[in-house]
Amino acid sequence: MFIINCPYCGERDQTEFTCHGEAHIARPDNPSEISDEEWGKYLFFRENPKGTHFERWTHDHGCRRWFNVMRDTVTDQIIKTYKMGEAKPVISNE
Amino acid sequence: MKYSLYNLVKNSFSYHENWEKAWSSPDLKPEYDVVIVGGGGHGLGTAYYLAKEFGVKNIAVLEKGWIGGGNTGRNTTIIRSNYLWDESAALYNHAVNLWEGLSSELNFNVMFSQRGLFHLAHSVHDMQEITRRGYSNYLNGIDAEILNQDQVAKKIPHINVNGRYPVLGALLQRRAGTARHDAVAWGYARAAENLGVDIIQNCEVKGIDISNGKVVGLQTTKGSVKVDKVGLVPAGHSSVLANMAGFSLPINSVPLQALVSEPVKPILDCVIMSNSVHVYVSQSDKGELVVGAGSDAYNSYSQRGSFDMIEHMMAPLVELFPIFSRLKMLRSWGGIVDVTPDRSPIIGKTPIKDLFINCGWGTGGFKATPGSAHVFAETVFRGEPNDIAAPFSLERHFSGALVDEAAAAAVAH
């Protein structure tokens, strides 16, 4: 179980939050023009990395706001939490 | 050596110390016709059917850990085929048909026990769902009985039908049940090796060699190997392997937990599943209650679930069966399951020629083991999926022809 540092409320128990999958996926600007394959990739295909993952969470039982989390999927360690709209953090090689 | 009464008696004279090993540990050869990556039930079964039904001689199964150490040995062993959609019904019922003859086919007792499975309904909506699914099952030739509250209470004496979420009825599949999960891996491994398959344990694939869009070799921790065809059957690590071959998958890998209680005398002679309060339970032949529920909602490769999921399993269990409330839980464990958007597996071709994939079984792959292995063996051999496997192609995520079992059952299977 995680302790998640909500950018708005501070550290709270994981049970207050819900994970909503991979972050930083932009909806194509021209849905009517792209191919079925490109649309399928946007809808369904995910990075699913073994390592650093960027994902969206909501603080359902708190401020009810959305934010992003940078987390290692092998150790489950949360590296960083940041607000929606902030730039995607760079993965360091350490 | 065949397992038989004759050999049992014969070996008793030497105090059972001279039984042959069920399978050996051969060295990796430099070249194979077919390499199966992943030595779980689905992978070993694929190798077995490739050798037996399609006469492929030169096959290896590469397993990162040891046989039976992955999800094949980590699940709650439930087997059923009462799925809603025709495509799923065909696939899972193919598996149940094979389960029924598996112990004699493999000469290995997989302890398949058709003790019956009750899918509980707790609301009018649930009753409508099981009625719809039950009739769909009838039409697909799958046994299904729709029971009312009294019938459920009579068949399951300890159940509390008047709890917070009352039990209004159930969908019963009598051909459903459980099997000994380790024995499935061991049985397929032994039977495959008897047909000449090399089972290479502690051999992790580190790279996939591709030349002109065709797979030509694999880099492993035990050296490199040349291949003609490769079947990827990697529960929990599908995306990792796909990335090595340069494509991605519509998959998220999430933790799924299960736990067992201390062993008690026989008290539950069937399998119970409840989608609405979300728990499933059966009693193993050792007497332990085997309990499972939903997966965690976040991606992880840690093979460890979160603690609050354990409470989410136990609360509905003791509500349904107050008699279990004083049982101690002995062990809990987690596995990593590959979940697809429609909760149906991916079986078939990949963007790389002669590289095939069988993955995305999510939280319910064990029940499909023989059927999955059988149709995937044919896919690898012919280079094209058969009628049962065809709807589960990777391509369905572009065409939109999803087999949406998640919506059908409203639960992770």
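Residues numbered from 1 in each chain as written. Chains lettered and ligands numbered in written order. Predicted model: local features only at pLDDT ≥ 70, side-chain atom pairs only at ≥ 80, totals over all residues.

Enquirer: Honestly, the overall build of chain B in this entry has me stumped. Any pointers?
Expert: Broken down by element type, chain B carries eleven helices and 18 strands. In summary, chain B has a C-alpha radius of gyration of 21 Å against a globular reference of 22 Å for 413 residues, a match within 12%. For chain B, the C-alpha atoms occupy an extent of roughly 65 × 65 × 40 Å along the three principal directions. Counting all 413 residues of chain B, 54% fall into the buried class. For chain B, the share of sequence-separated contacts (at least 6 apart) that also reach a separation of at least 24 residues comes to 75%. (Helix = DSSP H or I, 4+ residues; strand = E, 2+ residues; numbered from the N terminus. Rg over C-alpha atoms; globule rule 2.2 N^0.38 Å. Buried ≥ 20, exposed ≤ 12 C-beta atoms within 10 Å, placed from the backbone. Contact = placed C-beta atoms within 7 Å.)

Enquirer: How do you make sense of the overall build of chain A when you look at a structure like this?
Expert: Counting its secondary structure elements, chain A contains one helix and six strands. Secondary structure elements of chain A, listed N to C terminal, follow the sequence β-β-β-α-β-β-β. Principal-axis analysis of the C-alpha atoms places the extent of chain A at approximately 45 × 35 × 20 Å. Looking at the 94 residues of chain A, the share that counts as buried comes to 16%. Long-range pairs, those at least 24 residues apart, make up 50% of the contacts in chain A with a sequence separation of at least 6.

Enquirer: Which parts of the structure should I look at to understand the interface of chain A and chain B?
Expert: On the side of chain B, 21 residues touch chain A, which itself brings 21 residues to the contact. When contributions to the side of chain A that touches chain B are tallied by element, the ones reaching two or more residues are strand S3 (18-22), helix H1 (36-44) and strand S4 (52-58) of chain A. The element best represented in the side of chain A that touches chain B is H1(A), accounting for four residues. Considering only residue class, the side of chain A that touches chain B consists of five nonpolar, nine polar and seven charged. (Nonpolar A, V, L, I, M, F, W, Y, C, P; charged D, E, K, R; others polar.)

Enquirer: Would you mind going over helix H8 (residues 307-320) of chain B with me for this structure?
Expert: An α-helical turn contains 3.6 residues, so a residue and the one three or four places further along point in the same direction. Residues and elements named next belong to chain B. Its 14 residues place the ends of H8 21 Å apart at the C-alpha level, agreeing with the 20 Å of an ideal helix rising 1.5 Å per residue. Residues Met 309, Met 313, Pro 316, Leu 317 and Leu 320 constitute the buried set of H8. Taken end-on, H8 shows its buried residues confined to a sector of 105°, consistent with a single buried face. Looking at H8, the residues exposed on the side facing more than 90 degrees away from the buried face are Asp 308 and Glu 311. Residues of H8 that are buried make contact with strand S12 (252-261), strand S13 (271-274), strand S14 (279-283) and strand S15 (289-295). (Expected span 1.5 Å × (residues − 1). Arc of directions from axis to C-beta.)

Enquirer: Help me understand the nonpolar core in this model?
Expert: Note on soluble globular proteins: their nonpolar side chains tend to be buried together. All names here are of chain B. Among the nonpolar cores identified, the biggest contains 129 residues, and Val 35, Ala 47, Ile 59 and Ala 192 are the most heavily contacted of them. Counting residues per element, this core draws most heavily on helix H3 (residues 86-106), which supplies nine residues. Viewed by domain, this core spans two of them, domain 1 (30-77 + 181-251 + 342-409) and domain 2 (114-175 + 253-339), each represented by three or more residues. Not counting residues within four places of it along the chain, the set of residues in contact with Ala 47 comprises Ile 36, Ile 59, Val 61, Ala 192 and Val 197. (Core = buried A, V, L, I, M, F, W, Y, C linked by C-beta atoms within 7 Å. Domains from an automatic or database assignment.)

Enquirer: Which parts of the structure should I look at to understand the sheet that holds S4(A)?
Expert: Working definition: the strands of a sheet are paired by backbone hydrogen bonds and lie parallel or antiparallel to each other. Residues and elements named next belong to chain A. Ordered by their spatial adjacency, four strands build an open sheet running S3-S4-S5-S6, and the pairing between neighbours is antiparallel. The open sheet has two edge strands with one neighbour each: S3 and strand S6 (78-83). In this sheet, adjacent strand axes meet at a mean angle of 30° when their direction is disregarded. Both strand S5 (residues 66-72) and S6 contribute to a ladder of five bridges, which runs antiparallel. Pairing of Val 69 across the sheet is with Thr 81, part of S6. (Pairing = 2+ DSSP bridges. Axes fitted to C-alpha atoms, helices over the stretch in contact; angles between N-to-C directions.)

Enquirer: What exactly am I supposed to notice about the domain arrangement of chain B here?
Expert: A common way to report how large an interface is uses the accessible area buried once the components associate. Residues and elements named next belong to chain B. When cut into domains, chain B gives domain 1 (30-77 + 181-251 + 342-409) and domain 2 (114-175 + 253-339). The partner domain 2 presents 14 residues to the 17 residues of domain 1 that form the contact. Along the lines of polarity and charge, the residues of the side of domain 1 that touches domain 2 split into five nonpolar, ten polar and two charged.

Enquirer: In this structure, what is going on with the packing of helix H2 (residues 41-54) of chain B against helix H9 (residues 369-382) of chain B? I would like to understand it.
Expert: Between two packed helices, the angle of one axis relative to the other and the distance separating the axes together describe the packing. All names here are of chain B. Where H2 contacts H9, the axes come no closer than 7 Å and their chain directions differ by 55°. Classed by the angle they form, the pair H2 and H9 counts as oblique. The chirality of how H2 crosses H9 is right-handed. Contacts between H2 and H9 involve Gly 41, His 42, Gly 45, Thr 46, Tyr 48, Tyr 49, Leu 50, Glu 53 and Phe 54 on the former and, on the latter, Thr 369, Pro 370, Ser 372, Ala 373, His 374, Phe 376, Ala 377, Val 380 and Phe 381. (Parallel < 35°, antiparallel > 145°, perpendicular 65-115°, else oblique. Left-handed = near helix turned anticlockwise from the far one by under 90°.)

Enquirer: Before we go on, may I ask you to explain the sheet that holds strand S4 (residues 117-121) of chain B in this structure?
Expert: Residue and element names in this part refer to chain B. What the eight strands build is an open sheet, ordered S5-S6-S4-S13-S14-S15-S12-S16; its pairing is mixed. What marks the edges here is a single partner per strand, and that holds for strand S5 (145-148) and strand S16 (329-339). Geometrically, the sheet is characterised by an average inter-axis angle of 20° between neighbouring strands, direction not taken into account. With four bridges joining them, S12 and S15 adopt antiparallel strand pairing. The partner of Val 260 across the bridge, within S15, is Val 290. Together, S4, S5 and strand S6 (169-173) form the strand contacts of helix H4 (residues 124-139), whose direction differs from that of S6 by roughly 25°. This element, H8, spans S12, S13, S14, S15 and S16 of the sheet and lies at about 125° to S15.

Enquirer: It is not clear to me how unusual backbone geometry should be interpreted in this structure. Could you clarify?
Expert: Most peptide bonds take the trans configuration, and most residues that are not glycine carry a negative phi. Residue His24(A) is not a glycine yet carries a positive backbone phi of 60°. As for its position among the elements, His24(A) is in the loop between S3 and H1. Positive phi, normally seen in glycine, also occurs at Met111(B), with a value near 55°. Classification of Met111(B) by C-beta neighbours within 10 Å gives partly exposed; the count is 17.

Enquirer: Sorry, what's going on with the confidence of the model for chain B here?
Expert: When pLDDT drops low, the exact placement of atoms in the prediction is not to be read closely. In the predicted model, chain B carries a mean pLDDT of 94, and the fraction of residues at 70 or more is 98%. Here the prediction assigns the complex a pTM of 0.95, and the interface score ipTM is 0.94. (pLDDT = per-residue confidence, 0-100.)

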